[in-house]
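Analysis of the macromolecular model
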Amino acid sequence: PATPPGGGEVPAGSDVILLGEVGALSGGQATFGISTRDGIDLALKEANAAGGVKGKKLAVRVYDNQSKPEEAAQATTRLVTQDKVVLILGDVASSNSLAMAEKAQTAGVPMITPSSTNPKVTETGDYIFRVCFIDPFQGFVMAKFARANLKLNKVAVLQDNKSAYSIGLTDVFTRKFTEMGGKITTTESFSQGDTDYRAQLTAIRKTQPDAIYVPGYYSEVGVIARQAREVGLRVPLLGGDGWDSSKLFELGGSAIQGSYFSNHYSPDNPDPKVQKFIADYKAAYGSVPDALAALGYDAARVAIAALERAKDLSGPAVRDAIAQTKDFPGVAGTITLDDKHNAVKSAVVLKVGDGKTEYVTTVNP
Ligand code: PHE
């Protein structure tokens, strides 16, 4: 179903440039979609207040994919065939973005995912872009952190076998951690939406790891953390950006405290443009923006800058303009798109504290 954008009904007419957005506003990834939508809305409001693009105002048509790839694909088809948007923003979860990318590429409508990190998303074709780093880097970051900073020797892995993101990260982490002299004690799997992980966790406990790498999303990770403690595992969990949600603290409680994950951005970054974004976002939505909000904001601003530069609003012209993005000052890092349409950026490692994360370190590519 179409959800009205932050600004109310989408105005129609030739004085408006219509963008499309597909996000998880409900289901197991709901905080991803809500934060992303709010970040995008903030960028559009700012751009409209500054006069819009090419003398026109910007509006966005948002569809909820309910955290499902099939819905994401259908919503994308609707955006290109019915709404005739000039470009599409979304989604977060790589499996959803993969489903969207195929449709956007076939239709020749540019798509920018703010935060999908699986390499295959932009490999789908020349109309697909991202403003974040990719998982081969993110997996390396946590492997290196586990070896060099935490001095861990033996790590178990618990992966989500329904998620392209989780499968990809498992692969990279396993390879890098092993190359660095570490040992993977076992790799267990679950399927997104499962609620009982005790059998896998018990198998993991028997291998006596120093930590468990869980490259999943917050809704499962929070529950996994609690059940790990229940089966007697006291070691920290390690993860990736998919942990980033205020819900992680609620679901994981004290069981998730002391665990670490890699991410795109830290609200503790003292950079004035980051702090200004945080203040503006807080004023508008009442909470500290997470990485999804920051990347949604960045993706929308990269899109707006490209629309302004493009010689017209046709698919090829907008695609070429996005591809030229260089040294763009994003709040989640400076964005230069490489020839594979990915941003090359640093990552941060965050520690889970009591109701908030603590910045630990930054790793450059
Ligand atoms: N990188 C994740 C994926 O590709 C999505 C994500 C990004 C989740 C940032 C949380 C924060 O599936």
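Residues numbered from 1 in each chain as written. Predicted model: local features only at pLDDT ≥ 70, side-chain atom pairs only at ≥ 80, totals over all residues. Heavy atoms only, no water.

**Considerations on the overall build of the protein**
- Per the secondary structure count, the protein includes 12 helices and 15 strands.
- Taking 365 residues into account, the globule formula puts the C-alpha radius of gyration at 21 Å, and the protein, at 20 Å, falls close to it.
- When its C-alpha atoms are laid out on the principal axes, the protein stretches across 65 × 40 × 35 Å.
- Across the protein, contacts joining residues at least 24 apart in sequence account for 67% of those joining residues at least 6 apart.
- Charged side chains of the protein number 39 positive and 40 negative; the gap between the two group centres comes to 4 Å. (Helix = DSSP H or I, 4+ residues; strand = E, 2+ residues; numbered from the N terminus. Rg over C-alpha atoms; globule rule 2.2 N^0.38 Å. Contact = heavy atoms within 4.5 Å. Lys, Arg positive; Asp, Glu negative; His and termini not counted. Charge placed at Lys NZ, Arg CZ, Asp CG, Glu CD.)

**Here's the deal with the nonpolar core**
- Residues Phe173, Leu201 and Ile212 are the most contacted members of the largest nonpolar core, which totals 54 residues.
- The element that contributes the greatest number of residues to this core is helix 5 (residues 135-149), accounting for six residues.
- With residues near it in sequence (within four places) discarded, Ile212 still touches Val155, Ala156, Leu158, Leu201, Ile204, Leu233, Val235, Pro236, Leu237 and Leu238.
- With 47 residues, the next largest nonpolar core counts Val62, Ala291, Ala300 and Ile322 among its residues. (Core = buried A, V, L, I, M, F, W, Y, C linked by side-chain atoms within 4.5 Å. Buried < 20%, exposed > 50% of the residue type's maximum accessible area, 1.4 Å probe, protein only.)

**Side note on the sheet that holds strand 10 (residues 237-239)**
- Spatially, 8-7-9-10-11-14-15 is the arrangement adopted by the seven strands of the open sheet, whose pairing is mixed. The open sheet has two free edges, formed respectively by strand 8 (183-190) and strand 15 (357-363), since each of these has just one partner strand. Recorded for the sheet is a direction-independent mean angle of 25° between the axes of neighbouring strands.
- Of the pairings in the sheet, the one linking strand 10 to strand 11 (residues 260-263) comprises two bridges and is parallel in character. The residue of strand 11 that forms the bridge with Gly239 is Phe261.
- Where helix 6 (residues 164-179) meets the sheet, it contacts strand 7 (154-160), strand 8 and strand 9 (211-213), and its direction lies at approximately 165° from that of strand 7. (Pairing = 2+ DSSP bridges. Axes fitted to C-alpha atoms, helices over the stretch in contact; angles between N-to-C directions.)

**What to know about unusual backbone geometry**
- For the bond running from Gly90 to Asp91, omega is -25°, close enough to zero to count as cis.
- As for its placement among the helices and strands, Asp91 is situated in the loop between strand 4 (88-90) and helix 3 (94-107).
- One non-glycine residue with positive phi stands out, namely Lys84, at about 50°.
- Tracing the sequence through the fold places Lys84 in the loop between helix 2 (69-83) and strand 4.
- Positive phi values are uncommon outside glycine, yet Asp327 reaches one of about 50°.

**Some remarks on the site of the ligand**
- Taken together, 13 residues lie near the ligand, and Ser94, Ser115, Thr117, Tyr217 and Asp241 sit nearest.
- One nitrogen or oxygen atom from the side chain of Ser94 is found 2.5 Å from an oxygen atom belonging to the ligand.
- Within the contact set of the ligand, a nitrogen atom lies 2.7 Å away from a side-chain nitrogen or oxygen of Thr117.
- Taking 330 Å² as the accessible area of the ligand by itself, protein coverage stands at 100%.
- Grouping the amino acids of the shell around the ligand by side-chain chemistry returns six nonpolar, six polar and one charged. (Near = heavy atom within 4 Å. Polar contact = N/O pair within 3.5 Å; in protein donor to acceptor, adjacent residues only side chain to side chain. Areas by Shrake-Rupley, 256 points an atom, 1.4 Å probe, with all protein chains shown as cover. Nonpolar A, V, L, I, M, F, W, Y, C, P; charged D, E, K, R; others polar.)

**What about the confidence of the model for the protein?**
- Within the protein, residue pLDDT values average 96, and 96% of them lie at 70 or more.
- Note on residues 4-8: pLDDT is under 50 here. Beyond four places in sequence and across chains, it has six contacts.
- On the interface metric, ipTM, the complex scores 0.98, and its pTM is 0.96. (pLDDT = per-residue confidence, 0-100.)

**Structural notes on the pairing of strand 2 (residues 16-23)**
- Within strand 2, eight of the eight residues are buried, which leaves the element mostly enclosed by the surrounding structure.
- Every second residue of strand 2 is oriented toward a common face, with Val16, Leu18, Gly20 and Val22 on one face and Ile17, Leu19, Glu21 and Gly23 on the other, all of them buried.
- As judged from the eight bridges shared by strand 2 and strand 3 (residues 57-64), these two strands associate in the parallel manner. Paired with Leu19 across the bridge in strand 3 is Val60.
- Remark: the strand 2/helix 1 (residues 30-49)/strand 3 crossover connection has right-handed handedness.
- Looking at chain direction, strand 2 and strand 4 are connected through three bridges and run parallel. From the neighbouring strand, Gly20 faces strand 4, where its bridge partner is Ile88. (Right-handed = clockwise from strand over helix to strand, strands pointing away.)

**Describing the pattern of salt bridges**
- Under the criterion given, the structure shown has 12 salt bridges.
- With a shortest N-O distance of 3.5 Å, Asp83 and Arg61 are connected by a salt bridge. You can see Asp83 sitting in helix 2 and its partner Arg61 sitting in strand 3, a full 22 residues away along the chain.
- For Asp83, a relative accessible area of 16% puts it in the buried group.
- Residue Arg61 is classed as partly exposed on the basis of its relative accessible area of 22%.
- Residue Asp196 pairs with Arg198 through a salt bridge whose shortest N-O separation is 3.2 Å.
- For Arg198, a relative accessible area of 33% gives the class partly exposed. (Salt bridge = Lys/Arg side-chain N within 4 Å of Asp/Glu carboxyl O.)

**Section: the environment of Asp38**
- Position of Asp38 among the secondary structure elements: in helix 1.
- Residues contacting Asp38, with those up to four places away along its chain left out, are Tyr281 and Tyr285.

**Side note on the packing of helix 2 against helix 3**
- One way to put it is that helix 2 packs onto helix 3 with a least axis distance of 8 Å and a crossing angle of 25°. Taken together, the axis directions place helix 2 and helix 3 in an arrangement best described as roughly parallel. Considering the relative orientation of helix 2 and helix 3, their crossing is right-handed. Contacts between helix 2 and helix 3 pair Pro69, Ala72, Ala73, Thr76, Thr77 and Val80 from the former with Ser95, Asn96, Ala99, Met100, Lys103, Ala104 and Ala107 from the latter.
- Class assignment for the residues of the contact of helix 2 with helix 3 results in eight nonpolar, four polar and one charged. (Parallel < 35°, antiparallel > 145°, perpendicular 65-115°, else oblique. Left-handed = near helix turned anticlockwise from the far one by under 90°.)

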